Amino acid sequence: MSDSGKTGWFSRFRRNRDNDVPDDRPVGEETPPDVVIAETAQAPESVPEMSAPVAASAGAGERKGWMQRLREGLSRSSGALTSSISGIFTKRKLDDETLEELEDVLIMADLGVETAARMVATIAKDRFGKEVTDSEIREALAEQIGLVLDPVAKALPERPDRKPQVVLVAGVNGVGKTTTIGKLARQQMLAGRKVMMAACDTFRAAAVEQLEIWGERNGCPVMKATTGADAAGLAFDALARARDEGYDVLLVDTAGRLQNKQGLMDELAKIVRVLKKQDQSAPHDVVLVLDATTGQNTHNQVEVFRQMVDVSGLVITKLDGTARGGVVVALAERFGLPVHAVGVGEAIDDLRPFEARAFARSLLGLEAA
Ligand SMILES: Nc1nc2c(ncn2[C@@H]2O[C@H](COP(=O)(O)OP(=O)(O)OP(=O)(O)O)[C@@H](O)[C@H]2O)c(=O)[nH]1
Ligand SMILES: [Mg+2]
């Protein structure tokens, strides 16, 4: 194929992909500070009663619905990939040129250079020189992506021996931490656990209000402090209270923006230190939330946060609004961190358990096997 033909596939893919808002926000370089450190965290004036846990049920029909929504959520990613792949493989032999085009498409889909090269080599193995169809290629890719994702598809661990299980949720501003906590609380409650949330993003008043709304939706209490209060102090108080009142899970929201990156990282480290004063094993899970629309920038975020806290797993959000779903594959390959769940929308039920094969097939626009 000529260069201009090739450019055609590229530009089609780029067009699909570049509808995403590129986000190269550096970690933590944010608004100027107006931080007042309060001495003590205040207990919330009124803590809503726990609503009765909703029975956990995931029947076959419900599962089908979830798969459908996952596929819908990933439609921009899968649309970009499948149109590019069918463009290459309409009545074409698998030769060096088509393989190179396929590799480029996978790289453009944020799968990462090494992963793309390896997958293309595997696809070429038994098929080189043969006529292939695009659906055959998509099936083969889905299979391979499933293999990469399988080892990292791990739900947030259940720790019945920890009471409460402390889950610290971190990430840069706007990635979806607070929303993810609201959705996680819902899932935990569906599983019959007693959940409390702590609004340790004390930097912004709006952040506390946002978490309180999720608290009301879920019927679970939110520990909060005055704006500017010491986030670590609040985390300490929340853990004491959750333990005294027999909560199973404490979800800790944190700030995504502070005066600067160092301030953000210092605060996170301090929260961890202070939690350990009460429970040496806390936090039991440190979940880093990443926004898929930021593409390769997510790699940088994982590296930076890992230097400061012991990140134990990932949640990847906004997969509904992006053609960059492939970034999940690149992250799995590079870091091997568990992916607990993926966000495919803003609603309370839009946090999906991360299922490797289902995700891989959805990414390639294929029906669940
Ligand atoms: N489409 C979509 N939007 C999401 C998803 N998760 C979160 N959002 C939206 O992203 C925006 C930011 O979410 P927040 O939960 O406030 O993000 P945050 O990380 O807590 O932000 P800061 O507190 O400012 O650091 C909100 O408008 C959410 O509704 C998702 O999976 N899909
Ligand atoms: Mg927030």
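Thresholds applied
- Residue indices follow the written sequence of each chain, beginning from 1 at its first position.
- To label them, take the chains in the order written and letter them from A, then take the ligands in the order written and number them from 1.
- Two thresholds apply to this predicted model, a pLDDT of at least 70 for residue-level local features and 80 or more for giving and counting side-chain atom pairs, whereas whole-chain, interface and lining totals are computed over all residues.
- Each nonpolar core consists of buried Ala, Val, Leu, Ile, Met, Phe, Trp, Tyr and Cys residues. Their C-beta atoms, within 7 Å, join them into a set.
- Exposed residues have 12 or fewer other C-beta atoms within 10 Å of their own C-beta, buried residues have 20 or more, and partly exposed residues fall in between, where C-beta atoms are placed from the backbone.
- Labels follow the DSSP assignment, with helices taken as runs of H or I lasting at least four residues and strands as runs of E lasting at least two, numbered in each case from the N terminus.
- Annotation comment: domain bounds sourced from an automatic or database domain assignment.
- Contact between two residues is assigned whenever their backbone-derived C-beta positions fall within 7 Å.
- Structural elements are reduced to axes, namely lines fitted to C-alpha atoms, with helices fitted over the stretch in contact, and the angle between N-to-C directions of any two is expressed from 0 to 180 degrees.
- In this scheme, a crossing is called left-handed if the near helix is turned counterclockwise away from the far one by less than a right angle; it is called right-handed if the turn is clockwise.
- Being near a molecule or strand means, for a residue, that its backbone-placed C-beta atom lies within 6 Å of it.
- Think of it as three bins: nonpolar holds Ala, Val, Leu, Ile, Met, Phe, Trp, Tyr, Cys and Pro, charged holds Asp, Glu, Lys and Arg, and polar takes everything else, Gly as well.
- Strand pairing is defined by DSSP finding a minimum of two bridges between the two strands.
- Here is how to tell: hold the view so the strands point away, follow the path from the first strand over the helix to the second, and if it runs clockwise the crossover is right-handed.
- In this analysis, the expected span of each helix is defined as 1.5 Å times one less than the number of residues it contains.
- Directions from the helix axis toward the C-beta atoms define the arc.

Chemist: What is the right way to look at the nonpolar core in this model?
Modeler: Nonpolar side chains in soluble globular proteins tend to end up buried together. Counting 104 residues, the largest nonpolar core has Met 197, Ala 235, Leu 250 and Leu 251 as the members making the most contacts within it. Considering each element in turn, this core owes the most residues, 8 residues, to helix 9 (residues 231–244). Structurally, this core is a two-domain feature, drawing no fewer than three residues from each of domain 1 (3–17 + 61–151) and domain 2 (155–363). Other than its neighbours up to four places away in sequence, Leu 251 contacts Val 167, Val 169, Ile 181, Leu 184, Ala 185, Val 195 and Met 197.

Chemist: How should I be thinking about the packing of helix 11 (residues 297–308) against helix 12 (residues 327–335) in this particular structure?
Modeler: For any two helices packed against each other, the geometry is given by the interaxial angle and the distance between the axes. At their nearest, the axes of helix 11 and helix 12 sit 10 Å apart, and the two run at 35 degrees to each other. Helix 11 and helix 12 meet at a crossing whose hand is right-handed. Where helix 11 abuts helix 12, its residues Thr 298, His 299 and Val 302 lie against Val 327, Leu 331, Arg 334 and Phe 335.

Chemist: Whenever I open this one, the site of ligand 1 confuses me. Can you help?
Modeler: Close to ligand 1 lie 22 residues; Gly 176, Thr 178, Thr 179, Gly 256 and Gly 343 are nearest. Where the shell around ligand 1 is concerned, the elements lending two or more residues are helix 7 (177–190) and helix 8 (205–218). Class assignment for the residues of the shell around ligand 1 results in 3 nonpolar, 12 polar and 7 charged.

Chemist: What should I look at first to understand the pairing of strand 4 (residues 195–200) in this one?
Modeler: For a regular strand, side chains alternate in direction, first toward one face of the sheet and then toward the other. With respect to burial, strand 4 is a largely interior element, 6 of its 6 residues being buried. Burial along strand 4 is two-sided: Val 195, Met 197 and Ala 199 and Met 196, Ala 198 and Cys 200, pointing in opposite directions, are all buried. Pairing analysis gives 6 bridges linking strand 4 to strand 6 (residues 249–254), with the strands arranged parallel. For Met 196, the partnering residue across the bridge sits in strand 6 and is Leu 250. With 2 bridges connecting them, strand 4 and strand 5 (residues 222–223) associate as parallel partners. The residue bridging Met 197 from the neighbouring strand is Val 222, located in strand 5. In this fold, strand 4 hands off to helix 8, which returns the chain to strand 5; that crossover is right-handed.

Chemist: Looking at this model, I keep getting lost on the pairing of strand 8 (residues 313–317). Mind explaining?
Modeler: With 5 of 5 residues buried, strand 8 lies mostly within the body of the structure. A two-sided burial pattern is seen for strand 8, the buried positions comprising Gly 313, Val 315 and Thr 317 on one face and Leu 314 and Ile 316 on the other. For strand 7 (residues 285–291) and strand 8, the ladder comprises 5 bridges, and the chain directions are parallel. Looking at strand 8, one finds that Leu 288 is bridged to Leu 314. In this fold, the crossover linking strand 7 to strand 8 by way of helix 11 has right-handed handedness. The sheet contact formed by strand 8 and strand 9 (residues 339–343) spans 3 bridges and is parallel. Opposite Leu 314, over in strand 9, you have Val 339 as the bridge partner.

Chemist: What am I meant to see in helix 11 here?
Modeler: Residues lying three or four places apart along an α-helix face the same way, a consequence of the helix completing one turn every 3.6 residues. Counted at 1.5 Å a residue, the expected span for helix 11 with its 12 residues is 16 Å, and the 18 Å between its end C-alpha atoms agrees. Within helix 11 the residues assigned to the buried category are Thr 298, Gln 301 and Phe 305. Axial view of helix 11: buried residues confined to an arc of 55 degrees, hence all on one face. On its buried side, helix 11 packs onto strand 3 (165–170), strand 7 and helix 12.

Chemist: Explanation requested: the sheet that holds strand 10 (residues 351–353) in the structure shown.
Modeler: Hydrogen bonding along the main chain pairs the strands of a sheet, whether they run parallel or antiparallel. Taken together, 8 strands build an open sheet; the order of strands is 5-4-6-3-7-8-9-10 and the sheet is mixed. Each edge of the open sheet is held by one strand with a lone partner, namely strand 5 and strand 10. Against the sheet, helix 10 (residues 261–278) contacts strand 3, strand 4 and strand 6, and its axis sits at roughly 175 degrees relative to strand 3.

Chemist: Is there a simple way to think about the packing of helix 4 (residues 96–108) against helix 5 (residues 113–127) in this case?
Modeler: The geometry of helix 4 relative to helix 5 is characterised by a closest axis approach of 9 Å and an angle of 145 degrees between their N-to-C directions. The element helix 4 and its partner helix 5 pack so that their crossing is right-handed. Contacts between helix 4 and helix 5 involve Leu 99, Leu 102, Glu 103, Leu 106 and Ile 107 from the first element and Val 113, Ala 116, Ala 117, Met 119, Val 120 and Ala 124 from the second. When the residues that make up the contact of helix 4 with helix 5 are grouped by side-chain class, the tally is 10 nonpolar, no polar and 1 charged.

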